[in-house]
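An overview of the molecular structure
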Amino acid sequence: MAEKKLTREQKKIVYRKAILEAAKQEFIRKGYKEASVAAIMEAAQLGVGTFYNYFSSKEEILMHLLANLLQEVADELAQKKSAGESAGKRLTEGCHLMARLLDENQYVLALFLSVGGHGGKGGHPMMAGKAAGKMPAAKPEGTGGAPSRAPQVKDLFLKIIEEGQTEGSIRSDVSAPIIAEMLHSTFQSAAFSRAGVPFRENFEQKFRLLLEGMKAR
């Protein structure tokens, strides 16, 4: 990073952003498990000791990167809602976007899957307005398990499913939480599939089948 005169608060923002971006690139290049704090900080052109002024571990960075991806999807869905798109269309487009982002950033996939199918009502500091709940036993490889502050991703689409049931585009004889769990399971199935089909294509094929089952009768 080029040195320039910054206020204390500006430095915090710049350094934090640099660490997150460097970590993202290292995770893409080496995978989460093989990327070291030292390599991340070297890529960020900062001293290793600086890392712990901003993050407690690689795991915390991973959660922030996943939260950023989820926020990108949430922001896109909010724009589509403002533009008047139906819940059914937003759900389809949101799932396509989520599949693309996960395919491009597969280092977060294990964490996404470990927290995505669980959650209850309540606040969440990393995903304002979303729900947080009890964490499952599943652990993303090399992270030692996801702590309770990890974002709950199932609920990213739950409200849209409920809206679709209200507007009549999504069947209401199956509860919205069940449909949300099935949706998460589709991502999970694509990730662990042995069919020899790449993740994104695998998800898209299965999602088409799920969409047919979700349509209001």
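What this report covers is the structure whose coordinates are included nearby. (Residues numbered from 1 in each chain as written. Predicted model: local features only at pLDDT ≥ 70, side-chain atom pairs only at ≥ 80, totals over all residues. Heavy atoms only, no water.)

**Description of the overall build of the protein chain**
From N to C terminus, the protein chain includes nine helices and zero strands. Going from the N terminus to the C terminus, the protein chain shows its helices and strands as α-α-α-α-α-α-α-α-α. Looking at the 217 residues of the protein chain, the share that counts as buried comes to 47%. Nonlocal contacts in the protein chain, meaning residues at least 24 apart in sequence, comprise 64% of its contacts between residues at least 6 apart. Of the roughly 11,300 Å² of accessible surface on the protein chain, a fraction of 51% belongs to carbon and sulfur atoms. (Helix = DSSP H or I, 4+ residues; strand = E, 2+ residues; numbered from the N terminus. Buried < 20%, exposed > 50% of the residue type's maximum accessible area, 1.4 Å probe, protein only. Contact = heavy atoms within 4.5 Å. Areas by Shrake-Rupley, 256 points an atom, 1.4 Å probe, with all protein chains shown as cover.)

**Some points on helix α2 (residues 37-44)**
Because the α-helix completes a turn every 3.6 residues, residues three or four places apart line up on one side. Listed in full, the buried residues belonging to α2 are Val 37, Ala 39, Ile 40, Met 41 and Ala 44. Those residues of α2 hidden inside the fold are in contact with α1 (8-30), α3 (48-51) and α4 (58-82).

**Brief notes about the packing of aromatic side chains**
Here the structure, examined in full by the defined rule, presents eight aromatic pairs. Their ring planes at 70° and their centres at 6.4 Å tell us that Tyr 15 and Tyr 54 sit as a pair that is edge-to-face. Remark: Tyr 54 occurs in the loop between α3 and α4 and Tyr 15 occurs in helix α1; sequence separation between them is 39 residues. Under the relative-accessibility criterion, Tyr 54 is labelled buried at 17%. On the basis of an interplanar angle of 45° and a centroid distance of 6.0 Å, the ring pair of Phe 51 and Phe 55 is categorised as tilted. Take Phe 51 and Phe 55: they sit in the same class, and that class is buried. (Phe/Tyr/Trp six-rings, centres within 6.5 Å; stacked < 30°, edge-to-face > 60°.)

**Quick look at the nonpolar core**
Ranked by size, the top nonpolar core spans 58 residues in total, and within it Ile 19, Phe 27, Ile 61, Leu 91, Met 98, Phe 157 and Phe 187 carry the most contacts. When residues of this core are traced back to their parent elements, those giving at least two are α1, α2, α4, α5 (87-104), α6 (109-116), α7 (155-167), α8 (176-192) and α9 (199-214). Ranked by residue count, the leading element in this core is α4, at ten residues. Discounting chain neighbours no more than four positions away, the residues touching Ile 19 are Ile 40, Met 41, Ala 44, Leu 46, Phe 51, Tyr 54, Phe 55 and Ile 61. (Core = buried A, V, L, I, M, F, W, Y, C linked by side-chain atoms within 4.5 Å.)

**Some remarks on the pattern of salt bridges**
Scanning the entire structure with this criterion turns up ten salt bridges. When the shortest N-O distance is used, the salt bridge between Arg 29 and Glu 26 registers 2.8 Å. Taken as a pair, Arg 29 and Glu 26 lie in helix α1 at a separation of three residues, close to a single helical turn. Among the ionic pairs, Lys 80 bridges to Glu 93, the shortest N-O distance being 2.9 Å. Of this pair, Lys 80 sits in helix α4 while Glu 93 sits in helix α5, and the two are 13 residues apart along the sequence. Exposure remark for Lys 80: the relative accessible area of 17% places this residue in the buried category. (Salt bridge = Lys/Arg side-chain N within 4 Å of Asp/Glu carboxyl O.)

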